[in-house]
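# Architecture at a glance
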Amino acid sequence: MARNNYTIVEYFGGEDGYRCGYCKNEKGNFSHGMWSHSMTVQDYQDLIDRGWRRSGKYVYKPIMNKTCCPQYPIRCHTVKFKPSKSHKKILKKFNKYICKGVIPKEHEVAQPMDSVCEVAGPKEPSKKMECAITDVQKELAECPAVTNVERNETDVTPTGSEPSRKEPASVSEGRTTTAPKPGIGQDPNRPPCRKAKELRKERHHQKEQMKHSSVGVSSTNPPAATKTNQTKTLEDLLTETCPDTSSHCFEVRLVCANPPCPQFKASFDASYQVYKLYQMAIHKDPPDKPSESQVRLVPVNFEDPQFTASYEQSVALYSRYQMAIHGDDPSECSESKFRRFLCDSPLEAEHTDDGPEMGYGSFHQQYWLDGQIVAVGVIDILPTCVSSVYLYYHPDFAFLSLGSYSALREIAFTRQLQKQSPKLSHYYLGFYIHSCPKMRYKGQYRPADLLCPETYVWVPIEKCLPHLENSRYARFNTNPDEGDARVLKDVGRALVLHRRTVMPYIVYARKQKGSNDEPEVREYASLVGQNCAERILLYRA
């Protein structure tokens, strides 16, 4: 059996409640979970389209009608995406800093960003499992968001006419009002003032008339379209060129995380350094640097001279990030957690003729500024989407709104991949949590869909929001007769792995006379769906 041809999982169930990272309910968060030893990209694509998400090799699915803060998968249609005014403002601010070194005078503190790890995980599974999973509850608690959207308002400075808009003083205060001095009034030779909106509409109307009048008429010298009259695309805003005398040098690199490529190994230390700084600044981890005893030795497959030389810097940065941003205890942001949470992935790297050039799998998108890693976006490239896993950044550069900037970068990256593989057109932002106001920002990347928790069909977010205003949990599919298209029909056809042998569950059940695990297997198979149950191997001890 070729291991990379199968997805192998161990199912945990989801009976016990645990702490919610959003409303802080100590026992209100419920989810099903399973540990994935290996996973194909197609299986994971099908699982996230049923509400599952991964954190490292741990894959979980919130129990939507039971958990305190229901988490709805959200995706953006990247081909139709157009940046909003706030998005353009962030991109311009970033470009000004790169080109001119301009630092915004005022900026809000970056809000914690969620990702696929945005819920607390279950407690540590039984020790008989062959994979050691240490304190998953702490590992998955209160993780930062994928994106953060600044809510800076445009500064309004008072003009010289400001006093004239004040309320007149009352007579009882002993003040008298005087008539304004006579003037010549408005210049009759000048056209009356008009609103900018009216002028834009008039220019647009004139352009339409010119287009219609030019149909069928050839012109030797057609008017050249000026750049100022063209609407800039997301790519235009991201790739604005800077002069040779730019204040800073910026570069984005995509490195393969599993299996780790040489570039990933060489930059592992610096990446880990940023992660630690982020956790301390954003999540309020204690500033103490983790002791050497909390730093695990590099595994054999990570051996590399460059990696070894930068290892301690990476560990320190990751720790500072966790402690400053997420408020983690030093023991919660060790190198072992960093590796398990952000480097380990169950996804097997795959290449197909009609797929993207770099293939499918798990990657780190690194943001380098003046030779230093300032942010890292962990992403999964899947058959029909780019899925955001996590983002962490250097706290000193929070003023650049790197959360929002990276989301826009990843949307543009998805559009780039879509040109190579047409079906790869969506950007998955993790979960949308309407019951938590600070987590509603993901809905600003339009057009967007939310996943119906009962029928597993994608529904435009505009149709979902009225339901969520009335209830935390809602079914978005308005057709009462429509159900789950991949509902479990025959649990006997589900595949299991027992003593290194693959077999249907019905065969396994016959061999294990007196076994009482059918309710657990049936629950697992109903959650992953009939199709996945017939492909994924459920490990049986």
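Let me sum up the structure you'll find in this document. (Residues numbered from 1 in each chain as written. Predicted model: local features only at pLDDT ≥ 70, side-chain atom pairs only at ≥ 80, totals over all residues. Heavy atoms only, no water.)

Per the secondary structure count, the protein chain includes 13 helices and 15 strands. A burial count over the protein chain gives 51% of its 541 residues as buried. Considering only contacts in the protein chain between residues 6 or more positions apart, those separated by 24 or more positions represent 75%. (Helix = DSSP H or I, 4+ residues; strand = E, 2+ residues; numbered from the N terminus. Buried < 20%, exposed > 50% of the residue type's maximum accessible area, 1.4 Å probe, protein only. Contact = heavy atoms within 4.5 Å.)

This brings us to the packing of aromatic side chains. Note on aromatic pairs: each is described by the distance of the centres and the angle between the planes. Going through the model one piece at a time under the given rule, you end up with 27 aromatic pairs. Plain terms: the ring middles of tyrosine 272 and phenylalanine 338 are 4.4 Å apart, the flat faces sit at 25 degrees to each other, and that makes the pair stacked. Here the residue tyrosine 272 occupies a position in helix 6 (residues 262-281), and phenylalanine 338 occupies one in helix 8 (residues 335-343), the gap between them amounting to 66 residues. Residue classification places tyrosine 272 among the buried residues on the basis of a relative accessible area of 0%. A residue is classified by how much of its surface remains accessible, and phenylalanine 338, at 0% relative accessible area, is buried. An aromatic cluster of three or more residues is present, and its members are Phe264, Phe268, Tyr272, Tyr275, Phe338, Phe341, Tyr390 and Tyr392. Above the plane of the ring of tyrosine 456 lies arginine 50, whose end atom (NZ or CZ) is 4.3 Å from the centre. Positioned above the aromatic ring of tryptophan 368 is the side chain of arginine 253, whose terminal nitrogen or guanidinium carbon lies 4.0 Å from the ring centre. (Phe/Tyr/Trp six-rings, centres within 6.5 Å; stacked < 30°, edge-to-face > 60°. Lys NZ or Arg CZ within 6 Å of the ring centre and 35° of its normal.)

Moving on: the environment of asparagine 65. Position of asparagine 65 relative to the elements: it lies in the loop between strand 4 (58-62) and strand 5 (72-77). Sequence separation between asparagine 65 and tyrosine 473 is 408 residues, and the spatial gap between their C-alpha atoms is 5.9 Å.

For the rest of this paragraph, the subject is the sheet that holds strand 11 (residues 448-451). Here we have eight strands laid out as an open sheet, ordered 6-7-8-9-10-5-11-12, and mixed in their pairing. Pairing within the sheet leaves two strands with one partner each, and these edge strands are strand 6 (250-256) and strand 12 (458-460). On average, each strand axis in the sheet is tilted by 30 degrees relative to the strand beside it, whichever way the strands run. As judged from the nine bridges shared by strand 7 (residues 361-369) and strand 8 (residues 372-381), these two strands associate in the antiparallel manner. Each bridged residue has a counterpart across the sheet, and for serine 362 the counterpart in strand 8 is aspartate 380. Where helix 10 (residues 461-470) meets the sheet, it contacts strand 5, strand 10 (426-432), strand 11 and strand 12, and its direction lies at approximately 85 degrees from that of strand 12. (Pairing = 2+ DSSP bridges. Axes fitted to C-alpha atoms, helices over the stretch in contact; angles between N-to-C directions.)

Nothing here speaks to function; it is geometry throughout.
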